[in-house]
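This is what each chain is made of:
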Amino acid sequence: MKTAVMTDTNSGIMKAEADSMGIFLIPMPVIINDETHYEGIDLTETSFYESLTGGKNVSTSQPSPGDLMDLWDDIFEQGYDEIIHIPMSSGLSGSCSTAMMLAGEDEYEGKVFVVDNHRISVTQYQSVKDAQMLAAMGMDGAQIRKRLEETAADSVIFITVDTLKYLKKGGRITPAAAALGTLLRIKPVLIIL
C-alpha cells in the first residue's frame, strides 16, 4: 500500500523542505489588510511579523475545502492509495474538523486519515516524521492515525507572549483580562497539550 503523508505550514515545514522530505503540504492562509497571502508562497516569516508589528490588520484562516480536496485528488492521481493528513491542533483552528468532515465523504472514506493529536509547530513536525516512519514499517493509515493520537500527550509546547493584544484580538482572553494583565505586567505562559 502506498501511503502519502501531508501536513500544513503550521508545522514549520515549507515547500522546499516538504519536497525534500517527500511529503505533501498545504499552505495556511493569512489575511493582511483584507488581502489573502499563503505561508511559504507569498508570505515569509519576516513579512508576517513586519505586518503584525506595523499595525496592519492581520488574521489567519484555514485552507478552503476546495483547496484541500484538490490536493487530496492530486495525491491520489499520483498513485497513492491512502493519505495521512496531519493538520494543526483542533484546539487552535477549525482546519482539523473541516478535514475530518471532508474525509468522511464517500470518495475519501477509508482513504484519508485525519490525525487530531493536538500538535503544532515542532511537535506537529515530529508527527509528520513519525507518520513517515510508521508507514515505512508497513502500518496502514488507520493504524498510523491511532498510534499518533495515542501518543498525543507525549509532547507539550510552552509559549510566552510579549503582549496580550493578540490573545484578546483572537478571543483567547477577554478584554478585561487583557487590560488587567497589561496593567499588572503579567506575561502568561501558554501550554499547548
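Going by the structure above, here's the rest.
Conventions adopted
- Residues numbered from 1 in each chain as written.
- Predicted model: local features only at pLDDT ≥ 70, side-chain atom pairs only at ≥ 80, totals over all residues.
- Heavy atoms only, no water.
- Buried < 20%, exposed > 50% of the residue type's maximum accessible area, 1.4 Å probe, protein only.
- Helix = DSSP H or I, 4+ residues; strand = E, 2+ residues; numbered from the N terminus.
- Arc of directions from axis to C-beta.
- Contact = heavy atoms within 4.5 Å.
- Pairing = 2+ DSSP bridges.
- Axes fitted to C-alpha atoms, helices over the stretch in contact; angles between N-to-C directions.
- Core = buried A, V, L, I, M, F, W, Y, C linked by side-chain atoms within 4.5 Å.

Caption draft 1: Quick peek at helix 4 (residues 95–103). What helix 4 keeps buried is the set Ser 95, Cys 96, Thr 98, Ala 99, Leu 102 and Ala 103. Buried residues of helix 4, seen end-on, are gathered within an arc of 165° and therefore sit on one face of the element. As for helix 4, its buried residues are in contact with helix 3 (65–77), strand 6 (82–86) and strand 7 (112–114).

Caption draft 2: Looking closely at the side chain of Thr 123. Note on placement: Thr 123 falls in helix 5 (residues 121–136). On the accessibility criterion, Thr 123 (8% relative accessible area) is buried. Not counting the four nearest positions on each side in its chain, Thr 123 is found in contact with Ser 155 and Ile 157.

Caption draft 3: Quick peek at the sheet that holds strand 3 (residues 29–32). Pairing is antiparallel across the open sheet formed by three strands, whose spatial order is 4-3-5. Two strands lie at the open edges of the sheet, namely strand 4 (35–38) and strand 5 (58–60), each paired on one side alone. Taking each pair of neighbouring strands and ignoring which way they run, the sheet shows an average axis angle of 30°. Strand direction decides the pairing type here: strand 3 and strand 4, joined by four bridges, are antiparallel. Across the sheet, the residue bridging to Pro 29 is Tyr 38, located in strand 4.

Caption draft 4: Quick look at unusual backbone geometry. The phi dihedral of Asp 34 falls on the positive side, at around 65°, and the residue is not glycine. Within the element layout of this structure, Asp 34 appears in the loop between strand 3 and strand 4. You can call Asp 34 exposed: its relative accessible area is 72%. In the Ramachandran plot, Ser 121 falls in the positive-phi region, its phi being about 60° despite a non-glycine side chain. Among the secondary structure elements, Ser 121 is positioned in helix 5. Residue Ser 121 is classed as partly exposed on the basis of its relative accessible area of 33%.

Caption draft 5: Broad picture of the nonpolar core. Met 6, Phe 24, Leu 68, Trp 72, Ile 75, Ile 83 and Val 112 are the most contacted members of the largest nonpolar core, which totals 18 residues. Counting residues per element, this core draws most heavily on helix 3, which supplies five residues. Sequence-distant contacts of Trp 72, that is, excluding residues within four places in its chain, are made with Met 6, Ile 83, His 85, Ala 99, Leu 102, Ala 103, Tyr 108 and Val 112. Counting residues in hydrophobic clusters, the runner-up holds 15 residues, among them Val 5, Ile 84, Val 128 and Ala 131.

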